[in-house]
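Structural overview for review
Each chain, letter by letter, is given below.
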Amino acid sequence: MRIIPAIDIIEGKCVRLSKGDYETKKIYNENPLEVAKSFEAHGIQYLHLVDLDGAKSSQIVNYKVLEQIASKTSLNIDFGGGLKSDADLKIAFECGANQITGGSIAIKNSDLFKSWIKQYGVNKIILGADTKNEKVAISGWLEESTSDLIPFIKNYQEEGVQYVICTDISKDGMLQGPSFELYRKILEQTPNIKLIASGGISTFDELPKLAELGCEGTIIGKAIYENRISLKQLENYILNN
């Protein structure tokens, strides 16, 4: 199972939110590159980079941070947050993203999202299936859509999507453990999907459990920043798996 630390960006700074609420913003570092380099120094190869300003606005905002991390580390970066047009995608890939995550766009403009899958290929496009009460949440989690989570994933799996990041918003940033049952359900009902678990990871012991369920990767955010899981533990996990 891949270990994928998260860096969430607001105004160029590394922050975390609780349950996606912008009012709960906590700044952990003014310099995201410094954070990314510390991940890399501990043998981590992947990074989930989220443009929270972009998620709220109508276009990509923090692409300079992406460019800086991509050019100064060897991390494989998946980038998301407010990618709403072909121009946004072009900027993201030109600035060094290896993959992009599309969430709101997959609901609001499915034709455009499907065209990205065809144009860039299934290894470059991740479906962001963020959820609240098993409904898909969109627009930086400020809106709940009417789409049910599992049919939504199945629909895009039929379009060729392989990678899915699923965040249970009720768990995100709460440090109370991930949605094991939800992930089990998704993996049972959408076989062969490469599911990346996100939200609520709070202790190191949860990682082997997610791997056992069949998750392809897990995104870890606040647990790292609050020192619940050390980079040394993650380094050892990567070396031994």
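All figures in this text were calculated on a predicted structure; none of them were measured in a lab.

Analysis parameters
- Residues numbered from 1 in each chain as written.
- Predicted model: local features only at pLDDT ≥ 70, side-chain atom pairs only at ≥ 80, totals over all residues.
- Heavy atoms only, no water.
- Helix = DSSP H or I, 4+ residues; strand = E, 2+ residues; numbered from the N terminus.
- Rg over C-alpha atoms; globule rule 2.2 N^0.38 Å.
- Buried < 20%, exposed > 50% of the residue type's maximum accessible area, 1.4 Å probe, protein only.
- Contact = heavy atoms within 4.5 Å.
- Salt bridge = Lys/Arg side-chain N within 4 Å of Asp/Glu carboxyl O.

**Some details on the overall build of the protein chain**
Within the protein chain, the secondary structure is distributed over 11 helices and 13 strands. In terms of overall dimensions, the protein chain is globule-like: its C-alpha atoms have a radius of gyration of 16 Å, near the 18 Å expected for 241 residues. Dimensions of the protein chain, computed from the C-alpha atoms along their principal axes, are close to 40 × 35 × 35 Å. Counting the 241 residues in the protein chain, one finds 53% classified as buried. Put simply, of all contacts in the protein chain between residues at least 6 apart along the chain, 67% involve residues at least 24 apart.

**Observations concerning the side chain of serine 18**
Relative to the assigned elements, serine 18 resides in strand β2 (residues 13-18). The buried category is assigned to serine 18, whose relative accessible area is 17%. Discounting chain neighbours no more than four positions away, the residues touching serine 18 are Thr24, Asp172, Gly173, Met174 and Lys222.

**Details of the pattern of salt bridges**
Taken as a whole, this structure holds 11 salt bridges when the rule is applied. With its nearest N and O atoms 3.0 Å apart, the salt bridge here joins aspartate 8 to arginine 16. For aspartate 8, a relative accessible area of 10% puts it in the buried group. For arginine 16, a relative accessible area of 7% gives the class buried. Linking glutamate 94 and lysine 90 is a salt bridge whose minimum nitrogen-to-oxygen distance equals 2.9 Å. Separated by four residues within a single helix, glutamate 94 and lysine 90 lie in helix α4 (residues 86-94), roughly one turn from each other.

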